[in-house]
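# Summary of the model geometry
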Amino acid sequence: MTVEARVLFVLLFFAAWAFMGLIIWASVAVLRRGDGAIFALPVSLAAACAGGVALPLAGLDDGTGLLLSLVTAMAGSLFGYAFVLVLLRRFAPAGPVPSQTAEMPPRE
């Protein structure tokens, strides 16, 4: 097998893991109505690839390992999204300061 074929083979695995992470990211983004979705996308995809690569590195490099790596990629994506939501709750401001909000006059 040539070097180019090996690189393509590995890139296809990463594309599959990232696609599984994208499915989970999109599902959670719809369920949460977009809450933190744009911030969670890169973290979610990176966590999906990290979860997917963990099983082949652990020694499961057969067909079962491939299917389990797709499942762990989805779990990694879910944990990545949850991690971003925790960070956003911790460091993002909760909302506008009450003294800066102007009350609208009643409509007639």
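My aim in this report is to walk through the structure given alongside it, one point at a time. (Residues numbered from 1 in each chain as written. Predicted model: local features only at pLDDT ≥ 70, side-chain atom pairs only at ≥ 80, totals over all residues. Heavy atoms only, no water.)

## Looking at the overall build of the protein
Each helix and strand in the protein was counted, giving 3 helices and 0 strands. Counting from the amino terminus, the protein carries its helices and strands in the arrangement α-α-α. In terms of C-alpha radius of gyration, the protein reaches 20 Å, well past the compact-globule figure of 13 Å for 108 residues. In the protein, which comprises 108 residues, the share counted as buried stands at 23%. (Helix = DSSP H or I, 4+ residues; strand = E, 2+ residues; numbered from the N terminus. Rg over C-alpha atoms; globule rule 2.2 N^0.38 Å. Buried < 20%, exposed > 50% of the residue type's maximum accessible area, 1.4 Å probe, protein only.)

## Describing the layout of surface pockets
Roughly 160 Å³ of volume is contained in the largest pocket. Every residue lining the largest pocket is listed: V10, F13, F14, W17, V53, P56, L60, D61, D62, G65, L66 and S69. Secondary-structure elements contributing two or more residues to the lining of the largest pocket are α1 (3–31), α2 (37–58) and α3 (63–91). Here the lining of the largest pocket takes 4 residues from α1, the largest share from any one element. (1 Å grid on protein atoms, 1.4 Å probe; cavity = no way out; pocket = protein on both sides within 12 Å on 5 of 7 lines; lining within 4 Å. Points joined across faces, edges and corners; volume = space filled by probe spheres on them.)

## Here's the deal with the nonpolar core
Judged by nonpolar contacts, I24, W25, V28, A29, A37, A40, Y81, V84 and L85 together constitute the single largest core of 9 residues. Of all the elements in the fold, those that place two or more residues in this core are α1, α2 and α3. Sort the elements by how many residues they give to this core and α1 lands first, with 4 residues. Excluding its chain neighbours within four sequence positions, the residues that come into contact with A37 are W25, A29 and Y81. Within the second largest apolar cluster, 5 residues are counted, among which are W17, A48, C49 and A73. (Core = buried A, V, L, I, M, F, W, Y, C linked by side-chain atoms within 4.5 Å. Contact = heavy atoms within 4.5 Å.)

## As for a nonpolar patch on the surface
Taken together, V43, F83, L87 and F91 make up a surface patch of nonpolar side chains, about 390 Å² in accessible area. Residue contributions to the nonpolar patch peak at 3 residues, all from α3. Here F91 is to be found in helix α3. Looking at F91, the relative accessible area reads 63%, which means it is exposed. (Patch = residues over 30% accessible without salt bridge, like charges linked within 9 Å, V, L, I, M, F, W, Y side chains within 5 Å. Areas by Shrake-Rupley, 256 points an atom, 1.4 Å probe, with all protein chains shown as cover. Salt bridge = Lys/Arg side-chain N within 4 Å of Asp/Glu carboxyl O.)

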